[in-house]
There are 2 protein chains.
Amino acid sequence: MVVEGFLCSYKMLPDGERQILSFHVPGEIPDLQSLFLEKMDHALTTIAPSTIAFIPHEAVNVLLEQHFRIARILWREMLIDAAISREWIVNTGSRDAYARISHLLCELFYKLQAVGLTKGTSFNCPITQTEVADATGLSTVHVNRSVQELRGNRLIEWERGTCTILDLQALEDAAMFDLDYLHLASAGAA
Amino acid sequence: MVVEGFLCSYKMLPDGERQILSFHVPGEIPDLQSLFLEKMDHALTTIAPSTIAFIPHEAVNVLLEQHFRIARILWREMLIDAAISREWIVNTGSRDAYARISHLLCELFYKLQAVGLTKGTSFNCPITQTEVADATGLSTVHVNRSVQELRGNRLIEWERGTCTILDLQALEDAAMFDLDYLHLASAGAA
DNA sequence: CGAGGTGTTGACGATGCTCAAGGGGAGTGG
DNA sequence: CCACTCCCCTTGAGCATCGTCAACACCTCG
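Residues numbered from 1 in each chain as written. Chains lettered and ligands numbered in written order. Predicted model: local features only at pLDDT ≥ 70, side-chain atom pairs only at ≥ 80, totals over all residues. Heavy atoms only, no water.

Draft legend 1. Structural context of the relation of the copies chain B and chain A. Mapping chain B onto chain A calls for a screw motion: a turn of 180° about the axis and a shift of 0.0 Å along it, with 0.0 Å RMSD after fitting. The two molecules are tied by a two-fold rotation axis, judged by turn and shift. When the interface residues of chain B are mapped onto chain A, 100% of them again lie at the interface, so the same face is used by both copies. (Least-squares fit on C-alpha atoms with pLDDT ≥ 70 in both. Contact = heavy atoms within 4.5 Å.)

Encoded structure:
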(Lines give C-alpha, C1' and ligand atoms only; values in the text may rest on other atoms or scores of the structure.)
Protein backbone atom coordinates (compact mmCIF):
# COMPACT_ATOMS: atom_id res chain seq x y z
CA MET A 1 0.00 0.00 0.00
CA VAL A 2 1.29 3.40 -0.94
CA VAL A 3 1.56 5.47 2.24
CA GLU A 4 3.36 8.40 0.72
CA GLY A 5 4.87 9.21 -2.65
CA PHE A 6 4.10 8.10 -6.17
CA LEU A 7 4.37 4.74 -7.93
CA CYS A 8 3.62 3.52 -11.41
CA SER A 9 3.14 0.11 -12.96
CA TYR A 10 4.45 -0.61 -16.43
CA LYS A 11 5.37 -3.21 -19.01
CA MET A 12 8.50 -3.39 -21.12
CA LEU A 13 8.32 -4.61 -24.70
CA PRO A 14 11.09 -6.60 -26.39
CA ASP A 15 11.88 -3.59 -28.56
CA GLY A 16 12.69 -1.51 -25.49
CA GLU A 17 9.46 0.47 -25.34
CA ARG A 18 8.07 1.10 -21.89
CA GLN A 19 4.33 1.43 -21.48
CA ILE A 20 3.15 2.85 -18.18
CA LEU A 21 -0.17 1.30 -17.18
CA SER A 22 -1.18 3.35 -14.17
CA PHE A 23 -0.01 5.78 -11.54
CA HIS A 24 -0.53 4.97 -7.89
CA VAL A 25 -1.08 7.64 -5.28
CA PRO A 26 -1.21 7.33 -1.49
CA GLY A 27 -4.03 5.12 -0.26
CA GLU A 28 -3.88 2.71 -3.16
CA ILE A 29 -2.81 -0.92 -3.08
CA PRO A 30 -1.08 -1.42 -6.42
CA ASP A 31 -0.52 -5.14 -6.34
CA LEU A 32 -3.70 -6.49 -4.81
CA GLN A 33 -4.24 -8.71 -7.81
CA SER A 34 -1.31 -10.89 -6.84
CA LEU A 35 -3.71 -12.39 -4.30
CA PHE A 36 -5.41 -14.27 -7.11
CA LEU A 37 -3.03 -14.29 -10.07
CA GLU A 38 0.01 -16.45 -9.60
CA LYS A 39 2.19 -14.69 -12.11
CA MET A 40 2.68 -10.96 -12.14
CA ASP A 41 2.29 -9.65 -15.66
CA HIS A 42 3.75 -6.19 -15.16
CA ALA A 43 6.32 -4.36 -13.08
CA LEU A 44 6.07 -1.72 -10.41
CA THR A 45 8.41 1.13 -9.53
CA THR A 46 8.53 4.34 -7.56
CA ILE A 47 8.77 7.61 -9.45
CA ALA A 48 9.34 9.74 -6.36
CA PRO A 49 10.67 9.05 -2.86
CA SER A 50 7.90 6.97 -1.31
CA THR A 51 6.82 5.08 1.77
CA ILE A 52 5.30 1.68 1.14
CA ALA A 53 3.52 -0.66 3.52
CA PHE A 54 3.72 -4.40 2.82
CA ILE A 55 0.77 -6.59 3.80
CA PRO A 56 1.23 -10.39 3.88
CA HIS A 57 -1.10 -12.34 1.64
CA GLU A 58 -2.04 -14.66 4.46
CA ALA A 59 -3.34 -11.83 6.61
CA VAL A 60 -5.54 -10.58 3.80
CA ASN A 61 -6.79 -14.04 2.93
CA VAL A 62 -7.91 -14.70 6.47
CA LEU A 63 -9.72 -11.37 6.55
CA LEU A 64 -11.45 -12.03 3.25
CA GLU A 65 -12.78 -15.43 4.25
CA GLN A 66 -14.03 -14.28 7.60
CA HIS A 67 -15.48 -10.93 6.68
CA PHE A 68 -17.16 -10.81 3.33
CA ARG A 69 -17.81 -7.11 3.80
CA ILE A 70 -14.09 -6.50 3.59
CA ALA A 71 -13.85 -8.69 0.53
CA ARG A 72 -16.54 -6.56 -1.09
CA ILE A 73 -14.58 -3.40 -0.42
CA LEU A 74 -11.31 -4.74 -1.81
CA TRP A 75 -13.08 -6.32 -4.74
CA ARG A 76 -14.66 -3.01 -5.55
CA GLU A 77 -11.27 -1.30 -5.43
CA MET A 78 -9.87 -3.74 -7.94
CA LEU A 79 -12.82 -3.17 -10.23
CA ILE A 80 -12.22 0.56 -10.13
CA ASP A 81 -8.62 -0.09 -11.17
CA ALA A 82 -10.01 -2.07 -14.08
CA ALA A 83 -12.35 0.79 -14.99
CA ILE A 84 -9.39 3.15 -15.03
CA SER A 85 -7.49 0.76 -17.29
CA ARG A 86 -10.41 0.78 -19.69
CA GLU A 87 -10.40 4.55 -19.77
CA TRP A 88 -6.68 4.44 -20.55
CA ILE A 89 -7.46 2.29 -23.55
CA VAL A 90 -9.80 5.04 -24.70
CA ASN A 91 -7.11 7.58 -24.00
CA THR A 92 -4.35 5.99 -26.02
CA GLY A 93 -6.72 4.71 -28.68
CA SER A 94 -9.06 7.59 -29.40
CA ARG A 95 -7.67 10.92 -28.25
CA ASP A 96 -5.00 13.12 -29.77
CA ALA A 97 -1.91 14.19 -27.86
CA TYR A 98 -3.38 17.38 -26.42
CA ALA A 99 -6.48 15.59 -25.12
CA ARG A 100 -4.50 12.63 -23.80
CA ILE A 101 -2.31 14.74 -21.60
CA SER A 102 -5.28 16.81 -20.45
CA HIS A 103 -7.05 13.62 -19.51
CA LEU A 104 -4.13 12.29 -17.54
CA LEU A 105 -3.95 15.53 -15.57
CA CYS A 106 -7.68 15.50 -14.84
CA GLU A 107 -7.43 11.95 -13.58
CA LEU A 108 -4.48 12.70 -11.33
CA PHE A 109 -6.22 15.75 -9.97
CA TYR A 110 -9.38 13.91 -8.99
CA LYS A 111 -7.52 10.94 -7.57
CA LEU A 112 -5.38 13.19 -5.43
CA GLN A 113 -8.33 15.33 -4.42
CA ALA A 114 -10.14 12.20 -3.20
CA VAL A 115 -7.36 11.57 -0.68
CA GLY A 116 -6.92 15.21 0.29
CA LEU A 117 -3.63 15.81 -1.50
CA THR A 118 -4.66 18.89 -3.46
CA LYS A 119 -4.56 22.53 -2.48
CA GLY A 120 -7.28 24.24 -4.46
CA THR A 121 -6.49 23.17 -7.99
CA SER A 122 -2.79 22.65 -7.30
CA PHE A 123 -1.11 19.36 -6.57
CA ASN A 124 2.31 17.90 -6.19
CA CYS A 125 3.11 16.13 -9.45
CA PRO A 126 6.57 14.57 -9.56
CA ILE A 127 5.96 12.94 -12.93
CA THR A 128 8.47 13.78 -15.67
CA GLN A 129 7.49 14.48 -19.24
CA THR A 130 9.23 11.27 -20.25
CA GLU A 131 6.90 9.39 -17.93
CA VAL A 132 3.89 11.17 -19.38
CA ALA A 133 5.14 10.08 -22.78
CA ASP A 134 5.40 6.45 -21.69
CA ALA A 135 1.94 6.61 -20.14
CA THR A 136 0.24 8.16 -23.16
CA GLY A 137 2.09 6.42 -25.95
CA LEU A 138 3.64 9.64 -27.23
CA SER A 139 7.22 10.79 -27.65
CA THR A 140 8.75 13.09 -25.04
CA VAL A 141 9.25 15.75 -27.66
CA HIS A 142 5.61 15.76 -28.57
CA VAL A 143 4.56 15.71 -24.91
CA ASN A 144 6.71 18.74 -24.34
CA ARG A 145 5.08 20.63 -27.20
CA SER A 146 1.59 19.69 -26.07
CA VAL A 147 2.29 20.73 -22.49
CA GLN A 148 3.51 24.06 -23.75
CA GLU A 149 0.32 24.41 -25.70
CA LEU A 150 -1.70 23.72 -22.54
CA ARG A 151 0.31 26.38 -20.77
CA GLY A 152 -0.09 28.78 -23.66
CA ASN A 153 -3.86 28.32 -23.55
CA ARG A 154 -3.81 29.11 -19.82
CA LEU A 155 -5.25 25.73 -18.87
CA ILE A 156 -2.41 24.72 -16.58
CA GLU A 157 0.82 25.78 -14.93
CA TRP A 158 3.31 23.00 -14.37
CA GLU A 159 6.81 23.56 -13.06
CA ARG A 160 9.19 21.86 -10.67
CA GLY A 161 6.87 19.12 -9.58
CA THR A 162 3.87 21.32 -8.96
CA CYS A 163 0.92 21.38 -11.29
CA THR A 164 -1.84 23.97 -11.08
CA ILE A 165 -5.00 23.67 -13.10
CA LEU A 166 -6.01 27.18 -14.13
CA ASP A 167 -9.28 26.26 -15.83
CA LEU A 168 -10.58 22.86 -14.79
CA GLN A 169 -13.69 23.03 -16.92
CA ALA A 170 -11.71 23.87 -20.03
CA LEU A 171 -9.21 21.12 -19.27
CA GLU A 172 -11.99 18.56 -18.89
CA ASP A 173 -13.57 19.72 -22.12
CA ALA A 174 -10.28 19.41 -23.95
CA ALA A 175 -9.86 15.91 -22.51
CA MET A 176 -13.48 14.85 -23.11
CA PHE A 177 -13.26 13.90 -19.45
CA ASP A 178 -16.13 12.11 -17.75
CA LEU A 179 -15.66 11.62 -14.03
CA ASP A 180 -17.90 8.56 -13.83
CA TYR A 181 -15.20 6.03 -14.57
CA LEU A 182 -13.34 6.82 -11.34
CA HIS A 183 -16.40 5.71 -9.34
CA LEU A 184 -15.55 8.11 -6.56
CA ALA A 185 -19.09 8.17 -5.17
CA SER A 186 -18.45 5.93 -2.18
CA ALA A 187 -14.76 5.41 -2.53
CA GLY A 188 -14.25 6.62 1.02
CA ALA A 189 -13.31 3.02 1.65
CA ALA A 190 -9.79 3.73 0.52
CA MET B 1 -22.91 -14.88 -19.73
CA VAL B 2 -22.12 -15.43 -23.38
CA VAL B 3 -23.39 -18.86 -24.36
CA GLU B 4 -22.83 -18.52 -28.06
CA GLY B 5 -21.72 -15.75 -30.39
CA PHE B 6 -19.55 -12.69 -29.96
CA LEU B 7 -19.95 -9.51 -27.91
CA CYS B 8 -17.87 -6.43 -27.40
CA SER B 9 -17.84 -3.66 -24.84
CA TYR B 10 -17.10 -0.11 -25.90
CA LYS B 11 -17.24 3.56 -25.02
CA MET B 12 -18.43 6.42 -27.18
CA LEU B 13 -16.71 9.79 -27.01
CA PRO B 14 -18.51 13.10 -27.45
CA ASP B 15 -16.80 13.57 -30.81
CA GLY B 16 -18.40 10.39 -32.13
CA GLU B 17 -15.38 8.13 -31.81
CA ARG B 18 -16.10 4.61 -30.66
CA GLN B 19 -13.42 2.77 -28.70
CA ILE B 20 -13.90 -0.95 -28.32
CA LEU B 21 -12.56 -2.14 -24.96
CA SER B 22 -12.78 -5.89 -25.25
CA PHE B 23 -14.30 -8.76 -27.15
CA HIS B 24 -16.27 -11.41 -25.31
CA VAL B 25 -16.38 -15.00 -26.45
CA PRO B 26 -18.54 -17.88 -25.18
CA GLY B 27 -17.93 -18.73 -21.54
CA GLU B 28 -17.25 -15.17 -20.45
CA ILE B 29 -19.41 -13.01 -18.20
CA PRO B 30 -18.95 -9.53 -19.62
CA ASP B 31 -20.75 -7.50 -17.02
CA LEU B 32 -19.75 -9.15 -13.76
CA GLN B 33 -18.44 -5.86 -12.47
CA SER B 34 -21.95 -4.47 -12.18
CA LEU B 35 -22.15 -6.54 -9.01
CA PHE B 36 -19.94 -3.99 -7.27
CA LEU B 37 -20.05 -0.82 -9.35
CA GLU B 38 -23.35 1.01 -9.25
CA LYS B 39 -22.88 2.87 -12.49
CA MET B 40 -21.92 1.16 -15.71
CA ASP B 41 -19.17 3.11 -17.40
CA HIS B 42 -19.29 1.48 -20.81
CA ALA B 43 -21.72 -0.15 -23.19
CA LEU B 44 -22.12 -3.69 -24.44
CA THR B 45 -23.33 -4.99 -27.78
CA THR B 46 -23.40 -8.11 -29.88
CA ILE B 47 -21.33 -8.20 -33.05
CA ALA B 48 -22.76 -11.49 -34.26
CA PRO B 49 -25.96 -13.41 -33.60
CA SER B 50 -25.54 -14.56 -30.02
CA THR B 51 -27.16 -16.41 -27.16
CA ILE B 52 -26.89 -14.73 -23.79
CA ALA B 53 -27.76 -16.04 -20.34
CA PHE B 54 -28.83 -13.54 -17.70
CA ILE B 55 -27.99 -14.23 -14.07
CA PRO B 56 -29.74 -12.21 -11.35
CA HIS B 57 -27.44 -10.29 -9.04
CA GLU B 58 -29.18 -11.66 -6.00
CA ALA B 59 -28.43 -15.24 -6.93
CA VAL B 60 -24.76 -14.47 -7.36
CA ASN B 61 -24.56 -12.46 -4.16
CA VAL B 62 -25.99 -15.32 -2.12
CA LEU B 63 -23.50 -17.71 -3.68
CA LEU B 64 -20.58 -15.41 -3.01
CA GLU B 65 -21.38 -14.94 0.65
CA GLN B 66 -21.94 -18.60 1.31
CA HIS B 67 -19.13 -20.09 -0.72
CA PHE B 68 -15.95 -18.13 -0.70
CA ARG B 69 -14.41 -20.60 -3.11
CA ILE B 70 -16.82 -19.42 -5.76
CA ALA B 71 -16.04 -15.82 -4.94
CA ARG B 72 -12.37 -16.59 -5.50
CA ILE B 73 -13.09 -18.03 -8.93
CA LEU B 74 -15.19 -15.09 -10.08
CA TRP B 75 -12.77 -12.63 -8.56
CA ARG B 76 -9.96 -14.23 -10.48
CA GLU B 77 -11.93 -13.99 -13.71
CA MET B 78 -12.41 -10.28 -13.20
CA LEU B 79 -8.72 -9.83 -12.55
CA ILE B 80 -7.90 -11.58 -15.80
CA ASP B 81 -10.20 -9.15 -17.58
CA ALA B 82 -8.23 -6.36 -15.97
CA ALA B 83 -4.95 -7.93 -17.10
CA ILE B 84 -6.29 -8.05 -20.64
CA SER B 85 -7.27 -4.38 -20.41
CA ARG B 86 -3.72 -3.54 -19.36
CA GLU B 87 -2.36 -5.40 -22.35
CA TRP B 88 -4.71 -3.41 -24.57
CA ILE B 89 -3.19 -0.23 -23.20
CA VAL B 90 0.18 -1.56 -24.31
CA ASN B 91 -1.30 -2.45 -27.67
CA THR B 92 -2.77 0.95 -28.49
CA GLY B 93 0.04 2.82 -26.79
CA SER B 94 3.21 1.10 -27.90
CA ARG B 95 2.70 -1.00 -31.01
CA ASP B 96 2.36 0.03 -34.65
CA ALA B 97 -0.63 -0.90 -36.78
CA TYR B 98 0.78 -4.17 -38.07
CA ALA B 99 1.70 -5.40 -34.59
CA ARG B 100 -1.57 -4.23 -33.05
CA ILE B 101 -3.67 -6.25 -35.41
CA SER B 102 -1.40 -9.26 -35.06
CA HIS B 103 -1.73 -9.01 -31.32
CA LEU B 104 -5.51 -8.85 -31.43
CA LEU B 105 -5.61 -11.98 -33.58
CA CYS B 106 -3.26 -13.86 -31.25
CA GLU B 107 -5.43 -12.95 -28.30
CA LEU B 108 -8.62 -14.06 -30.00
CA PHE B 109 -7.03 -17.28 -31.07
CA TYR B 110 -5.89 -18.24 -27.58
CA LYS B 111 -9.14 -17.18 -25.95
CA LEU B 112 -11.14 -19.25 -28.40
CA GLN B 113 -8.76 -22.17 -28.14
CA ALA B 114 -9.21 -22.19 -24.37
CA VAL B 115 -12.94 -22.85 -24.81
CA GLY B 116 -12.53 -25.28 -27.66
CA LEU B 117 -13.74 -23.04 -30.46
CA THR B 118 -10.78 -23.42 -32.78
CA LYS B 119 -10.10 -26.01 -35.44
CA GLY B 120 -6.37 -26.28 -35.74
CA THR B 121 -5.32 -22.69 -36.22
CA SER B 122 -8.63 -21.64 -37.75
CA PHE B 123 -11.47 -19.95 -35.94
CA ASN B 124 -14.74 -18.29 -36.64
CA CYS B 125 -14.09 -14.56 -36.52
CA PRO B 126 -17.17 -12.45 -37.29
CA ILE B 127 -15.38 -9.19 -36.50
CA THR B 128 -15.39 -6.57 -39.27
CA GLN B 129 -12.38 -4.49 -40.16
CA THR B 130 -14.25 -1.44 -38.88
CA GLU B 131 -14.49 -3.12 -35.49
CA VAL B 132 -10.81 -3.97 -35.55
CA ALA B 133 -10.20 -0.29 -36.27
CA ASP B 134 -12.31 0.78 -33.29
CA ALA B 135 -10.55 -1.74 -31.07
CA THR B 136 -7.03 -0.78 -32.07
CA GLY B 137 -7.44 2.96 -32.46
CA LEU B 138 -6.71 2.87 -36.19
CA SER B 139 -8.70 3.91 -39.25
CA THR B 140 -10.51 1.25 -41.24
CA VAL B 141 -8.45 2.09 -44.29
CA HIS B 142 -5.23 1.50 -42.44
CA VAL B 143 -6.54 -1.70 -40.89
CA ASN B 144 -7.39 -2.93 -44.34
CA ARG B 145 -3.89 -2.25 -45.62
CA SER B 146 -2.26 -3.89 -42.62
CA VAL B 147 -4.47 -6.98 -42.94
CA GLN B 148 -3.46 -7.24 -46.56
CA GLU B 149 0.15 -7.03 -45.50
CA LEU B 150 -0.42 -9.87 -43.03
CA ARG B 151 -1.97 -11.88 -45.82
CA GLY B 152 0.83 -10.98 -48.21
CA ASN B 153 3.40 -12.18 -45.67
CA ARG B 154 1.50 -15.46 -45.39
CA LEU B 155 0.84 -15.02 -41.69
CA ILE B 156 -2.92 -15.28 -41.92
CA GLU B 157 -5.86 -15.96 -44.16
CA TRP B 158 -9.03 -14.11 -43.27
CA GLU B 159 -12.17 -14.16 -45.35
CA ARG B 160 -15.91 -14.34 -44.77
CA GLY B 161 -15.78 -14.63 -41.04
CA THR B 162 -13.12 -17.31 -40.91
CA CYS B 163 -9.58 -16.55 -39.86
CA THR B 164 -6.74 -19.02 -40.27
CA ILE B 165 -3.35 -18.42 -38.75
CA LEU B 166 -0.76 -19.74 -41.19
CA ASP B 167 2.30 -19.11 -39.03
CA LEU B 168 1.47 -18.67 -35.37
CA GLN B 169 5.05 -18.18 -34.26
CA ALA B 170 5.64 -15.46 -36.82
CA LEU B 171 2.38 -13.77 -35.90
CA GLU B 172 3.31 -13.77 -32.22
CA ASP B 173 6.73 -12.37 -33.04
CA ALA B 174 5.22 -9.60 -35.12
CA ALA B 175 2.85 -8.83 -32.26
CA MET B 176 5.49 -9.10 -29.53
CA PHE B 177 2.92 -11.40 -27.99
CA ASP B 178 3.45 -12.86 -24.53
CA LEU B 179 0.81 -15.36 -23.48
CA ASP B 180 1.27 -14.76 -19.76
CA TYR B 181 -1.22 -11.94 -19.49
CA LEU B 182 -4.14 -14.21 -20.35
CA HIS B 183 -3.41 -16.30 -17.25
CA LEU B 184 -4.77 -19.39 -18.92
CA ALA B 185 -2.93 -21.79 -16.61
CA SER B 186 -5.90 -22.77 -14.47
CA ALA B 187 -8.63 -20.94 -16.30
CA GLY B 188 -10.57 -24.16 -16.62
CA ALA B 189 -12.88 -22.49 -14.13
CA ALA B 190 -14.65 -20.74 -16.99
C1' DC C 1 -33.38 -5.86 -58.75
C1' DG C 2 -32.07 -2.46 -55.46
C1' DA C 3 -29.89 -1.27 -51.08
C1' DG C 4 -26.73 -1.34 -47.57
C1' DG C 5 -22.85 -3.09 -45.29
C1' DT C 6 -18.10 -4.54 -45.94
C1' DG C 7 -13.78 -4.66 -48.19
C1' DT C 8 -10.52 -2.26 -51.36
C1' DT C 9 -7.86 1.31 -53.76
C1' DG C 10 -5.58 5.91 -54.75
C1' DA C 11 -4.16 10.54 -53.67
C1' DC C 12 -3.19 13.80 -50.43
C1' DG C 13 -2.48 15.71 -45.94
C1' DA C 14 -1.65 15.92 -40.88
C1' DT C 15 -0.32 14.34 -36.57
C1' DG C 16 3.30 12.84 -34.23
C1' DC C 17 8.27 10.63 -34.40
C1' DT C 18 13.35 10.77 -34.90
C1' DC C 19 17.57 12.84 -34.66
C1' DA C 20 20.39 16.26 -32.93
C1' DA C 21 21.71 19.92 -30.18
C1' DG C 22 21.62 23.06 -26.35
C1' DG C 23 20.04 25.21 -21.71
C1' DG C 24 19.11 25.13 -16.81
C1' DG C 25 18.71 23.27 -12.10
C1' DA C 26 20.18 20.16 -8.42
C1' DG C 27 23.28 17.28 -6.40
C1' DT C 28 28.27 15.72 -5.85
C1' DG C 29 33.02 16.00 -5.15
C1' DG C 30 37.26 18.48 -4.99
C1' DC D 1 32.60 27.59 -3.01
C1' DC D 2 33.08 26.32 -7.49
C1' DA D 3 33.33 23.08 -11.22
C1' DC D 4 31.28 19.07 -13.08
C1' DT D 5 27.78 15.98 -14.26
C1' DC D 6 23.40 14.19 -14.94
C1' DC D 7 18.71 14.59 -15.62
C1' DC D 8 15.08 17.09 -17.40
C1' DC D 9 13.19 20.39 -20.40
C1' DT D 10 13.31 22.74 -24.82
C1' DT D 11 13.88 23.75 -29.81
C1' DG D 12 14.43 22.99 -34.92
C1' DA D 13 14.31 20.34 -39.17
C1' DG D 14 13.01 16.54 -41.78
C1' DC D 15 10.36 12.52 -42.22
C1' DA D 16 7.06 8.44 -41.50
C1' DT D 17 3.06 6.55 -40.08
C1' DC D 18 -1.37 6.85 -40.26
C1' DG D 19 -5.81 9.55 -41.23
C1' DT D 20 -9.19 11.66 -44.46
C1' DC D 21 -11.75 11.87 -48.53
C1' DA D 22 -13.66 9.80 -52.36
C1' DA D 23 -14.84 6.27 -55.30
C1' DC D 24 -15.86 1.58 -56.56
C1' DA D 25 -16.48 -3.65 -56.29
C1' DC D 26 -18.60 -7.41 -54.00
C1' DC D 27 -21.88 -9.98 -51.34
C1' DT D 28 -26.10 -10.70 -48.85
C1' DC D 29 -30.59 -9.96 -48.08
C1' DG D 30 -35.13 -8.36 -48.68
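Draft legend 2. Examining the protein's contact with DNA strand D more closely. The environment of DNA strand D is formed by 14 residues, the closest being A:Gln129, A:Asn144, A:Arg145, A:Gln148 and A:Arg151. In DNA strand D, the atoms that sit within 4 Å of the protein are 63% sugar and phosphate, with bases accounting for the remainder. At a separation of 2.9 Å, a phosphate oxygen of DNA strand D approaches a polar backbone atom of A:Gln129. Note that a phosphate oxygen of DNA strand D is positioned 3.1 Å from one of the backbone N or O atoms of B:Ala97. At the level of elements, α5 (140-152) of chain A together with α5 (140-152) of chain B are the ones that each hand at least two residues to the surface near DNA strand D. For the surface near DNA strand D, the leading source of residues is α5(A), giving five residues. In the surface near DNA strand D, the residues fall into four nonpolar, seven polar and three charged. (Near = heavy atom within 4 Å. Polar contact = N/O pair within 3.5 Å; in protein donor to acceptor, adjacent residues only side chain to side chain. Helix = DSSP H or I, 4+ residues; strand = E, 2+ residues; numbered from the N terminus. Nonpolar A, V, L, I, M, F, W, Y, C, P; charged D, E, K, R; others polar.)

Draft legend 3. Seen up close, the packing of helix α2 (residues 68-94) of chain A against helix α3 (residues 97-114) of chain A. Residues and elements named next belong to chain A. Their axes nearest at 9 Å, the elements α2 and α3 cross at an angle of 160°. Between α2 and α3, the interaxial angle falls into the category roughly antiparallel. Considering the relative orientation of α2 and α3, their crossing is right-handed. Taken together, the residues of α3 that come into contact with α2 (itself represented by Ile84, Glu87, Trp88, Asn91 and Thr92) are Ala99, Arg100, His103, Leu104, Glu107 and Lys111. Residue composition of the contact of α2 with α3, by class: four nonpolar, three polar and four charged. (Axes fitted to C-alpha atoms, helices over the stretch in contact; angles between N-to-C directions. Parallel < 35°, antiparallel > 145°, perpendicular 65-115°, else oblique. Left-handed = near helix turned anticlockwise from the far one by under 90°.)

Draft legend 4. Up close: the sheet that holds strand β8 (residues 156-159) of chain A. Residue and element names in this part refer to chain A. One open sheet accounts for four strands, arranged β6-β7-β9-β8; its pairing is antiparallel. Because the sheet does not close on itself, it has two edges, and the strands there are β6 (118-119) and β8. As judged from the two bridges shared by β6 and strand β7 (residues 122-124), these two strands associate in the antiparallel manner. When the sheet's bridge partners are listed, lysine 119 is paired in β7 with serine 122. (Pairing = 2+ DSSP bridges.)

Draft legend 5. Fine view of the pattern of salt bridges. Summed over all chains, the structure comprises 18 salt bridges over all chains. Between A:Arg76 and B:Glu38 there is a salt bridge whose closest N-O contact spans 3.1 Å. Note that A:Arg76 is positioned in helix α2 and B:Glu38 in the loop between β3 (18-24) and β4 (43-46), a pairing that runs across two chains. When its relative accessible area of 9% is taken as the criterion, A:Arg76 is described as buried. Close ionic contact of B:Glu28 with B:Lys111 constitutes a salt bridge, the shortest N to O distance being 3.2 Å. On the criterion of sequence distance, the pair formed by B:Glu28 in the loop between β3 and β4 and B:Lys111 in helix α3 (residues 97-114) is long-range, its members being 83 residues apart. Using a relative accessible area of 16% as the deciding quantity, one classes B:Glu28 as buried. For B:Lys111, a relative accessible area of 10% puts it in the buried group. (Salt bridge = Lys/Arg side-chain N within 4 Å of Asp/Glu carboxyl O. Buried < 20%, exposed > 50% of the residue type's maximum accessible area, 1.4 Å probe, protein only.)

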